[in-house]
Structure formats: structure tokens, C-alpha cells
Amino acid sequence: MILAALAVTVFLAAAIRGATGFGFSLIAALALSTSYSAASASGIVLMLDLAATGLLMRGGALSGLDWREAVRLGLFALVGALAGVLVLSALPERPALIGLNLAVLVSALAALLKVRSRFLEGAAAAAIAAFLTGAMIGAFSVGGTLIVAWLIASGRSPARSIGLLTVVFAFTDTATLAFRLAFGVLPADTLMPTLVLLPIVALGIYAGRHLFGWLTPEGWKRLVAFILVALAVGSLVRTLSLA
């Protein structure tokens, strides 16, 4: 029963990733943490998320992508990940997560209310969002929702947004996995569950890409905003409930 629930949750997480470009890590980590240690669950999610990124690339998620912007954001995210590993991880996790989720919540609500800001559409806001996303991922293994909130608030198209997210997550996840392998902090029990869950992730990504094809641009943005609000509120409640 537990394995079935885990498989269903991983499938839904992958479907959301396929349709929106994000959300897999946050959702899958909650399910995996009930059966594995935090380090093992994080490692499994990391490898599955990388696999999902590869499937999205093969499935056409990079079509219509502005490669100059994508590489620039990816590099800022990579620098942020390095800063997160070296600096931010020494800071208290709880205040950082509360700040992250409040920022995501405000941004998502602004997108739902169609509040626009010219600053968010500029290169400076893009660099800040990418850097902070990488820093949070490097330090605490979460933070992707921040750049998603910026993307919908800045008015990027759904296809361009998913392409940018795919590249940014490819940069940050690859760097994080490389660091863990280099420092020997990737648990040995992560490989087998990853291989077992990989076909389920592939099916979820396939289903999510089909759902993306049915959504209108406005429908996609509203779906993403609602998911962001739900994830931010859920994470805030969980973080505030910690002693």
C-alpha cells in the first residue's frame, strides 16, 4: 500500500513537472521522506529530477527557447548554488525558508491578480531570481518555486518559461549531484529506488506534456500560480510548525 501510494505520488509529481516545468522535487521529496532518510530521499529526488530534465529536453521542452537568456540564467543559478553550498548553508534554515515561501506566495498572488511590474521584465530581476534560486537549492535543496514565480510575474510565455526552467534546473541539479559525489555524501541506497521509479517518472512526464498541449497560455499561468500558492502555503505551515 505504501509503495503504491509512493508510485502514484511520484507519477503525479512528474506529470506536474511535465505540464508546468517545476514541482517534481518538492512533491516527490515529501513522499519519499516517509520511506527513506532525508539524505537518501534527497539523493533519489535529485537523480529522478535530472532524468525528468533529460526527458523534457528530448520531448521538445527547449523549442522556442532564447538560448542566450537561458545560459545567462543558468550561469547565475550555478554561481548561486556555489554560494549556497559555501555560505548560505551556515545560516539558519527556518528563517530562510519562511522568507522564500513568503516571496513565492506574494509573487504567485500578484500573478493571479495580474499585477505587472516593468522591473520584473528586465535583466537585473532575471539575474537576481536565478542567483537566489541557485543559492537556496545549494543551501537547502529547495528554491525552484522562486524563479517560477518570477517567470509568470514577468510575463514570459509558457513554452519559454518551461524551456528556461529546464535549463536552470539542469545547471543546478547537475552541479549539486557533482558536489555530492565529489564529497561522498550521496548515500549508497539511492541508486536502486531511482532505477525502479524511473519508468514511473517517464510516464508522468509524458502525461504532463500532453496536458501542457491542451492548456491555453492563460490557463497555464493560472494553473502554475495556483500550484505555487498551494506549495508556498503548505511549506509555510510545515516550516512554522517545526519546533
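Please refer to the structure placed before this passage.
Please read these numbers as outputs of a predicted model, since none were measured by experiment. Residue numbers run consecutively from 1 along every chain, following the written order of its sequence. Only residues with pLDDT of at least 70 are given local features in this predicted model, and only at 80 or more are side-chain atom pairs given and counted; all residues enter the totals for whole chains, interfaces and linings. Based on all heavy atoms of the structure, the side-chain values leave hydrogens and waters out of the count.

### Points about helix α9 (residues 191-214)
Put simply, the rule is: Runs of H or I in DSSP of at least four residues are treated as helices and runs of E of at least two as strands, each being numbered from the N terminus. The span expected for a helix works out to 1.5 Å for each residue beyond the first. What is called the bend at a residue is the angle between a pair of axes, fitted to the seven residues leading up to and ending at it and to the seven starting from it. Burial here depends on accessible area, computed with a 1.4 Å probe over protein chains only, as a share of the maximum for the residue type. Under 20% is buried, over 50% is exposed, and the range in between is partly exposed. The criterion used for residue contact is that any of the two residues' heavy atoms lie within 4.5 Å.
Here α9 is 24 residues long and its end C-alpha atoms lie 35 Å apart, about the 34 Å a rise of 1.5 Å per residue gives. A bend of about 40° at L197 is the largest found in α9, and the proline P199 appears one to four places after it. All of the buried residues along α9 are P193, T194, L197, V201, G204, I205, G208 and F212. On its buried face, α9 sits against α1 (2-20), α2 (24-32), α3 (38-58), α8 (158-182) and α10 (217-241).

### Comments concerning a nonpolar patch on the surface
Put simply, the rule reads: In this analysis, a patch consists of residues with relative accessible area above 30% that form no salt bridge, clustered at 9 Å for like charges and at 5 Å for the nonpolar side chains Val, Leu, Ile, Met, Phe, Trp and Tyr. Note on areas: Shrake-Rupley, 1.4 Å probe, and residue coverage restricted to the protein chains presented here. Salt bridge criterion: a side-chain nitrogen from Lys or Arg within 4 Å of a carboxyl oxygen from Asp or Glu.
On the surface, L191, M192, L195, V196 and L198 cluster together into a nonpolar patch covering about 480 Å² of accessible area. By the secondary structure assignment, M192 is in helix α9.

### Quick word on the pattern of salt bridges
With the rule as written, the count across this model stands at four salt bridges. For R17, the salt bridge goes to D49, with nearest N and O atoms at 2.8 Å. Of this pair, R17 sits in helix α1 while D49 is found in helix α3, placing the two residues 32 residues apart along the sequence. Each member of the pair R17 and D49 is classed as buried. If you follow the salt bridges from partner to partner, you end up with D66, E69, R156 and R160 in one network.

### Quick look at the nonpolar core
Note the threshold: Here, nonpolar core refers to any group of buried Ala, Val, Leu, Ile, Met, Phe, Trp, Tyr and Cys residues whose side-chain atoms link them within 4.5 Å.
F22, F24, I147, W150, V201 and L228 are the most contacted members of the largest nonpolar core, which totals 56 residues. Ranked by residues supplied to this core, first place goes to α10 with eight residues. W150 has contacts with E69, L73, L120, A125, A126, A129 and R156, leaving out every residue within four places of it along the chain.

### Comments concerning α2
Stated formally: Within this analysis, the arc is defined by the directions that extend from the helix axis to the C-beta atoms.
Taken together, the buried positions of α2 are F24, I27, A28, A31 and L32. Buried positions in α2, seen along its axis, are confined to an arc of 130° and lie on one side of it. Packing partners of the buried residues in α2 comprise α1, α3, α9 and α10.

Purely geometric numbers; function is a separate question.
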